[in-house]
Amino acid sequence: MAKKDNAPDNFQNLKAAIRNKDIARLYVFHGEEIFLLQYYFDKIKDQLVDELTESFNFHKMNQENFDLQSFVDGVENFPMMAEHTLVHVDEVDLFKLPEGDRAKIAEVLSDIPDWCTVIFTYETVAWKPDKRQKKLWDAIDSNGIIVEFAKQGQRELISWVSRHFLARGKRISNDLCAYLIDITGGTMTALSGEISKIA
């Protein structure tokens with residue numbers, strides 16, 4: 001396994017884990033490229049949770065409804081009529097929770113059962129771990145994989161835009177791709193919407 005904070009390696013490792021159906025037990029997803037973050041989250045969800053048992057085995061929490069006991073139960077309870085559970089915590093800044101909650105979360109993240117995967121996602125809330133909170137940081141750093149979905153470079157985006165037009169039976173020149181990237185700000189989320197409209 002690559003060093004936990006080596007973002008490019010962790011992104012490649014994530015792709016390999018999905019390809020090999022070897023999903024880890026703890027991930028932190030963050031970064032500017034929300035399209036990629038959501039894409040790879042959905043890939044993991046599709047692999048671990050099926051539609052028939054999703055209501056039992058997929059536990060989603062966010063800033064509004066995060067509750068420590070529900071989180072603990074989601075991680076520790078056995079899956080129902082399935083092999084896996086998935087716990088998704090969205091936009092909750094763990095390092096700003098009360099000390100007792102942080103200690104319990106650190107304990108839980110240090111011993112996630114084999115059947116469970118926990119994914120923390122950060123889209124609008126910044127992922128800023130407070131490494132002075134050693135217990136919680138060590139639990140994440142030792143047991144989890146932190147994946148940054150960085151904004152893609154122009155070369156990668158040109159190739160990506162071209163493929164998406166081809167999938168719709170259309171062709172686009174590299175110059176027009178570059179123009180489209182320039183006027184949309186170069187995020188895949190914005191580009192995806194424009195490609196759909198143009199095609």
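Quick notes on the rules
Residues numbered from 1 in each chain as written. Predicted model: local features only at pLDDT ≥ 70, side-chain atom pairs only at ≥ 80, totals over all residues. Heavy atoms only, no water. Buried < 20%, exposed > 50% of the residue type's maximum accessible area, 1.4 Å probe, protein only. Helix = DSSP H or I, 4+ residues; strand = E, 2+ residues; numbered from the N terminus. Pairing = 2+ DSSP bridges. Axes fitted to C-alpha atoms, helices over the stretch in contact; angles between N-to-C directions. Phe/Tyr/Trp six-rings, centres within 6.5 Å; stacked < 30°, edge-to-face > 60°.

Undergrad: Is there a simple way to think about the pairing of strand β3 (residues 85–90) in this case?
TA: A regular strand places its side chains so that they alternate between the two faces of the sheet. Of all 6 residues that make up β3, 6 are buried, and the element is covered over most of its length. The alternating pattern of β3 places Thr85, Val87 and Val89 and Leu86, His88 and Asp90 on opposite faces, both of which are buried. For strand β2 (residues 58–62) and β3, the ladder comprises 5 bridges, and the chain directions are parallel. By the bridge assignment, Met61 is partnered in β3 with Val89.

Undergrad: Just to check I follow, could you spell out the sheet that holds strand β5 (residues 145–148) for this structure?
TA: Backbone-to-backbone hydrogen bonds pair the strands of a sheet. The strands run either parallel or antiparallel. Taken together, 5 strands build an open sheet; the order of strands is β2-β3-β4-β1-β5 and the sheet is parallel. Of all the strands in the sheet, the pair left with one neighbour each is β2 and β5. Pairwise comparison of adjacent strand axes, ignoring direction, gives a mean angle of 15 degrees for this sheet.

Undergrad: Explanation requested: the packing of aromatic side chains in the structure shown.
TA: Ring pairs (aromatic) are described by centroid distance and by the angle formed between their planes. Evaluated as defined, the whole model comprises 13 aromatic pairs. Between the aromatic rings of Phe11 and Phe149, the centroid separation amounts to 5.7 Å while the plane-to-plane angle is 80 degrees, which identifies the pairing as edge-to-face. Here the residue Phe11 occupies a position in helix α1 (residues 7–19), and Phe149 occupies one in the loop between β5 and α7 (154–167), the gap between them amounting to 138 residues. Phe149 matches Phe11 in its accessibility class, with the two residues each being buried.

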